[in-house]
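A closer look at the structure
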Amino acid sequence: MIFHMSLRSNPMLRKTNLAVWRAWQSWKLGLHTSTVGASPGPGPWERSEALSSVSTEKPPHTPVMLKEVLQYLDIQPGQVVLDMTFGGGGHTKAILNMVPEVTVLALDRDPTAISLAERLAKDHSGCVKPLLGRFSELETLLSNMNVQPGSIDAVLLDAGCSSMQMDQAERGFSLSKDGPLDMRMDGERYLDMPCAADVVNTLDQQALASILTAYGEERHARKIASAIVEARRVNPITRTQQLASVVAGSLPAAVAYARKDRLHRPAHVATKTFQALRIFVNDELNELHAGLCAAQAVLRTGGHLCAITFHSLEDRLVKRFLRGDDLSNLDHYHFSPRNQGNRKKKLMDERRDGGSVHWLPLRRKVITPEKDDVKENPRGRSSKLRAALKL
């Protein structure tokens, strides 16, 4: 089982998520005896649908804050750029169109995205070099290409899942489209990697509530976790719409209809639940931290970093990494509403004078999309961009 390597190796993180850790240990033992996940890969939740070939004919979604990314990366002809989340390729295509003779290393953990990168590489001979892997695998991938530390001129890191993944119902990311409850970004590579259906059908109530609180900042985590456990006693929860209905039914109508997004539009009550499960299944916060460390290692002095995030957990991590905080124990940065005030005070007390010795912010405040950009690309409404120069 390769799931959550960093969870196993980080004692403090394991302590914070003790209920989750114990539940996974029990489940892993069960894998060798019989029932849950007895068959390799997809297992009993009919996850083979998620591994079916997907159409890539639909144009990729508009890249987030493209103008700002190009401005702060400040790419010059002949430079080497690392796009750490290729996705649909929108940012990379814009870079290639704007700057001649640039080389883009296109990384993504999703094989579907890499297939698009390979197509782009054929159209731009020698300018695009696809790399299939996670942030935590980047050092090895670059070493295999003889790319030396400190040799890259600009890095773009676009966290979270891509619009392409959201648009494919069979991937299980979307609330609006029914599909198998999967949510794995690279399940095709790791067939024994648990999916979201495994999580909701296997972990106990306490563990589920811990996940929803830590990764979704869900105030009603206990009620939702209780409803999931009750529902799965009748039938396993294997579809996205099925889970969304369970979550919606667990809360009073006043709560469900009160939720709004950043555009003050009605937001589905299960949004935070889906976010939490996706982050947990893909180990996204640990991968994001690994990506930031890798970016720091590969950038040359004076190189530019742009990091785009889509929710507060990611943005806090990026902000504090660029500030020079010690993030070796990521459990310290899994906030809950109860103690965030005390933690914020402690962090302010511990902040070192002079800021980070590794990064110089290119703009003091976080960058958010302009109103016109949000209208054109509503999915980017929650995005935040932080740009920095490596010292």
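What counts, and where the lines are drawn
- Residues numbered from 1 in each chain as written.
- Predicted model: local features only at pLDDT ≥ 70, side-chain atom pairs only at ≥ 80, totals over all residues.
- Heavy atoms only, no water.
- Helix = DSSP H or I, 4+ residues; strand = E, 2+ residues; numbered from the N terminus.
- Buried < 20%, exposed > 50% of the residue type's maximum accessible area, 1.4 Å probe, protein only.
- Contact = heavy atoms within 4.5 Å.
- Areas by Shrake-Rupley, 256 points an atom, 1.4 Å probe, with all protein chains shown as cover.
- Salt bridge = Lys/Arg side-chain N within 4 Å of Asp/Glu carboxyl O.
- Phe/Tyr/Trp six-rings, centres within 6.5 Å; stacked < 30°, edge-to-face > 60°.
- Core = buried A, V, L, I, M, F, W, Y, C linked by side-chain atoms within 4.5 Å.
- Pairing = 2+ DSSP bridges.
- pLDDT = per-residue confidence, 0-100.
- Arc of directions from axis to C-beta.
- Axes fitted to C-alpha atoms, helices over the stretch in contact; angles between N-to-C directions.
- Polar contact = N/O pair within 3.5 Å; in protein donor to acceptor, adjacent residues only side chain to side chain.

Assigned secondary structure in the protein consists of 18 helices and 7 strands. The buried share among the 391 residues of the protein stands at 53%. Summarising the internal contacts of the protein: among those between residues at least 6 apart in sequence, 71% fall at separations of at least 24. Accessible area of the protein: about 18200 Å², with a carbon and sulfur share of 51%.

Here the focus is the pattern of salt bridges. Here the structure, examined in full by the defined rule, presents 13 salt bridges. Asp-186 is the partner of Arg-134 in a salt bridge, and the nearest nitrogen-oxygen pair spans 2.7 Å. In this pair, Arg-134 sits in the loop between strand E3 (128–132) and helix H7 (138–144) while Asp-186 sits in the loop between helix H8 (163–167) and helix H9 (196–202), placing the two residues 52 residues apart along the sequence. According to the relative accessible area criterion, Arg-134 is buried, its value standing at 12%. With relative accessibility at 0%, the residue Asp-186 sits in the buried group. Asp-325 is the partner of Arg-323 in a salt bridge, and the nearest nitrogen-oxygen pair spans 2.6 Å. An identical accessibility class is assigned to Arg-323 and Asp-325; each is buried. Each member of the salt-bridge network shares a partner with another, and the members are Arg-109, Arg-134 and Asp-186.

Looking now at the packing of aromatic side chains. Overall, the coordinates contain 2 aromatic pairs when judged by the stated rule. Here the aromatic rings of Tyr-215 and Phe-280 are separated by 6.1 Å at their centres, their planes lie at 45°, and the arrangement is tilted. Residue Tyr-215 is found in helix H10 (residues 205–216), and its partner Phe-280 is found in helix H14 (residues 271–282); the two are separated by 65 residues along the sequence. Arranged with centres 6.4 Å apart and planes meeting at 50°, the rings of Phe-321 and Trp-359 form a pair that is tilted. With a gap of 38 residues between them, Phe-321 in helix H16 (residues 312–323) and Trp-359 in strand E6 (residues 359–361) connect regions that are remote in the sequence. Across this residue pair, the class does not change: Phe-321 and Trp-359 are buried.

As a further point, take the nonpolar core. Grouped together as the largest cluster of nonpolar side chains are 72 residues, with contacts concentrated most on Met-84 and Val-155. When residues of this core are assigned to their parent elements, the largest contribution, 7 residues, is made by H10. Apart from the residues within four sequence positions on either side, Met-84 is in contact with Leu-107, Phe-135, Leu-138, Val-155, Leu-156, Leu-157, Gly-291 and Ala-295. One finds Val-64, Ala-117, Ile-308 and Ile-367 within the second-largest nonpolar core, a separate group that totals 28 residues.

Every regular strand shows the same layout, with side chains that alternate between the two sheet faces. For strand E7 (residues 384–390), a buried count of 6 out of 7 residues is recorded, marking the element as mostly surrounded by other parts of the structure. Across 6 bridges, the pairing between strand E5 (residues 299–309) and E7 is antiparallel. Residue pairing in the sheet places Ile-308 in a bridge with Leu-385 of E7. As judged from the 3 bridges shared by E6 and E7, these two strands associate in the antiparallel manner. Bridge pairing links Pro-361 to Ala-388 in E7.

Here we come to the confidence of the model for the protein. Of the residues in the protein, 71% have a pLDDT of 70 or more, and the chain-wide mean is 79. Averaged pLDDT values over the elements of the protein bottom out at 39 in helix H2 (residues 11–16) and peak at 98 in strand E1 (residues 80–83). A low-confidence stretch, residues 30–60 stays under pLDDT 50, and its non-local contacts, those more than four residues away or across chains, total 52 contacts. Per-residue pLDDT stays below 50 along residues 335–343; that stretch engages in 14 contacts with residues further than four places along the chain or on separate chains.

The complete set of buried residues in helix H12 (residues 240–250) reads Thr-240, Leu-243, Ala-244, Val-246, Val-247 and Ser-250. Take H12 and look down its axis: the buried residues cluster within an arc of 160°, on one side only. Opposite the packed face of H12, turned more than 90 degrees from it, sit the exposed residues Ser-245 and Gly-249. Looking at the packing, one finds that the buried side of H12 touches helix H11 (221–234) and H14.

Turning to the sheet that holds E3, a few remarks are in order. As summarised here, the arrangement of the 7 strands in space is E3-E2-E1-E4-E5-E7-E6, forming an open sheet in which the pairing is mixed. Whereas interior strands pair on both sides, the edge strands pair on one side only; in this sheet they are E3 and E6. Averaged over all pairs of adjacent strands, the angle between their axes in this sheet comes to 20°, without regard to strand direction. The pairing of strand E2 (residues 103–108) with E3 spans 5 bridges and is parallel. Paired with Leu-105 across the strands is Lys-129, a residue of E3. Most of the contacts of H16 go to E7, to which it runs at about 15°, and overall it touches E5, E6 and E7.

Attention now moves to the side chain of Ser-174. Looking at where Ser-174 falls in the secondary structure, it is placed in the loop between H8 and H9. Only 3.3 Å separates the side chain of Ser-174 from the backbone nitrogen of Lys-177, close enough to count as a polar contact.

Of all 7 residues in strand E4 (residues 152–158), 7 are buried; the element is thus mostly enclosed. Relative to E4, E1 is paired through 3 bridges, and the arrangement is parallel. Residue pairing across strands places Leu-82 opposite Val-155, the latter belonging to E4. Where E4 meets E5, 6 bridges bridge the pair, whose relative direction is parallel. Paired with Leu-157 across the bridge in E5 is Ala-307.

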